[in-house]
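Summary of the model geometry
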Number of protein chains: 2
Amino acid sequence: MELGKTAYVILGMLRLGRRTGYEIKSLVDVSTRFFWAASYGQIYPELARLEKLGLVRGRRADSGGRRRKTYELTADGERALDDWLTSPAPLHLELRHEGVLKAFFSDALAPGERAAQWRRMREQHERVAQQLQAIEPGAAEAADERGERMPLKVLEFGIAYQQFVADWCARMERAEAESAAPVAAERS
Amino acid sequence: MELGKTAYVILGMLRLGRRTGYEIKSLVDVSTRFFWAASYGQIYPELARLEKLGLVRGRRADSGGRRRKTYELTADGERALDDWLTSPAPLHLELRHEGVLKAFFSDALAPGERAAQWRRMREQHERVAQQLQAIEPGAAEAADERGERMPLKVLEFGIAYQQFVADWCARMERAEAESAAPVAAERS
DNA sequence: CTGATCATGTAATTCGTTACATGATTCC
DNA sequence: GGAATCATGTAACGAATTACATGATCAG
């Protein structure tokens, strides 16, 4: 019974409480999205598959005239989640970073053009860092009130990671400025 | 004429010199792989597409009885590459990290189990860091001899990034050890 | 002579995104 | 009354991996 990684996003979210597919997607968008994204096109079919496998149990929960279906973990689902969490299997690590890719090939660029690319890349990472920082108060509250410490720890890591990349861009940006105008740098 | 990002990996590699599909793949595996991977299943069809678009030019270059086809950039290909390198479009940034995903959901785990996961994740990042360090001498040589500075810079970033994540794991690991055995920690 | 490497491709499959279709409810 | 949000799904498409098929050459 080999499950895709995205199945565990769903199982994990369901352990935190009964949820609809829509709610799972909303949660993912403000939490795991930055290191594991998921779209409706994955979540709804995956919920159906997990139900057929007996790992989750769905229940109609219409609210007014609004059709609604909430899911919860079954005992099997709980076990599958724990097995994955404690598994020693090599972790799936994947990074696709267009900015670093451009950097790799940018020897042919003029220093000014390269500096502009560093700036854009830095700004993009700074924006993500700010988005994550905006979420922090809510995560800190959840850590306090519901004892969910790890989501906050992971969020802090996410912020540190974004800043780490942004700092590297800033250093590269400065280096370009110095090599492009060494005389001006000496004067200052 | 919208090109996929992987097309630029090919164009970028071809700017460094005439290459076969096989050589491009080998190069990717020791350089861009860590932030932009590509497989034969992408490279060969993409080369054919780029040739039809007039961005690369293929030429038979059999070596003995070995069928071989080398490619080089056309003027259009060179322009497409530079346009991409200097484009201000938002960068494609994608991260899928199973270790962080597990961390996010690991509140329910025992501290010892969590510590074991930190250790595995740290070791995995340390292994990648070592792989990258093994490549460094070659990249440093290329930087010196052929003036290709950026691949070395990017490699150094890759190593720093792997170590950054490994360090975070190590800190988390220590924190688990302290919370699991605070008395032992005080004694030592 | 045998295994590693060079070399090119295709086919099947998986994974994931985006857009579309549909409709109710809630807030302003 | 209209826009935003809640809610569920499907279809088309795209991106990428893996496995397969084929065959030559080179190093030991």
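Residues numbered from 1 in each chain as written. Chains lettered and ligands numbered in written order. Predicted model: local features only at pLDDT ≥ 70, side-chain atom pairs only at ≥ 80, totals over all residues. Heavy atoms only, no water.

1. Overview of the protein's contact with DNA strand D
- In the vicinity of DNA strand D lie 19 residues, with Tyr22, Tyr44 and Arg68 of chain A together with Gln42 and Gly65 of chain B positioned nearest.
- Considering DNA strand D, the proportion of its atoms within 4 Å of the protein that are sugar or phosphate atoms stands at 70%.
- At 2.9 Å from a phosphate oxygen of DNA strand D is found a side-chain nitrogen or oxygen belonging to Tyr44 of chain A.
- Within the backbone of Gly65 of chain B, a nitrogen or oxygen atom sits 2.6 Å from a phosphate oxygen of DNA strand D. (Near = heavy atom within 4 Å. Polar contact = N/O pair within 3.5 Å; in protein donor to acceptor, adjacent residues only side chain to side chain.)

2. Focus: the pairing of strand β3 (residues 69-73) of chain B
- Two strands pair when backbone bridges link them, and strand β1 (residues 19-20) of chain B and β3 of chain B are joined in this way by two bridges, in the antiparallel orientation. Directly across from Thr20 of chain B, in β3 of chain B, lies its bridge partner Thr70 of chain B. (Pairing = 2+ DSSP bridges. Helix = DSSP H or I, 4+ residues; strand = E, 2+ residues; numbered from the N terminus.)

3. Some points on the protein's contact with DNA strand C
- Inspection of the region around DNA strand C gives 19 residues, with Gln42 and Gly65 of chain A together with Tyr22, Arg68 and Lys69 of chain B positioned closest.
- Sugar and phosphate atoms constitute 70% of the interface atoms of DNA strand C, taking the interface as everything within 4 Å of the protein.
- Contact distances for DNA strand C include 3.2 Å between a phosphate oxygen and a side-chain N or O atom of Ser39 of chain A.
- At a separation of 2.9 Å, a phosphate oxygen of DNA strand C approaches a polar side-chain atom of Tyr44 of chain B.
- For the surface near DNA strand C, the secondary structure elements donating two or more residues are α3 (40-52) of chain A together with α2 (21-29) and α3 (40-52) of chain B.
- Tallied by class, the residues present in the surface near DNA strand C amount to five nonpolar, eight polar and six charged. (Nonpolar A, V, L, I, M, F, W, Y, C, P; charged D, E, K, R; others polar.)

4. Quick notes on the pattern of salt bridges
- Taken as a whole and judged by the stated rule, the model has 37 salt bridges over all chains.
- A salt bridge links Asp29 of chain B to Lys25 of chain B, with the shortest nitrogen-to-oxygen separation between them at 3.2 Å. Residue Asp29 of chain B and its partner Lys25 of chain B are both found in helix α2; the two are separated by four residues, about one turn of the helix.
- Since its relative accessible area comes to 28%, Asp29 of chain B is described here as partly exposed.
- For the salt bridge of Arg119 of chain B with Glu123 of chain B, the shortest nitrogen-to-oxygen distance reads 3.4 Å. Residue Arg119 of chain B and its partner Glu123 of chain B are both found in helix α6 (residues 111-146); the two are separated by four residues, about one turn of the helix.
- Residue Arg119 of chain B is classed as partly exposed on the basis of its relative accessible area, which comes to 34%.
- With a relative accessible area of 30%, Glu123 of chain B lands in the partly exposed category.
- Residues joined by salt bridges that share partners form a network here, namely Arg18, Arg57, Arg59 and Glu72 of chain A. (Salt bridge = Lys/Arg side-chain N within 4 Å of Asp/Glu carboxyl O. Buried < 20%, exposed > 50% of the residue type's maximum accessible area, 1.4 Å probe, protein only.)

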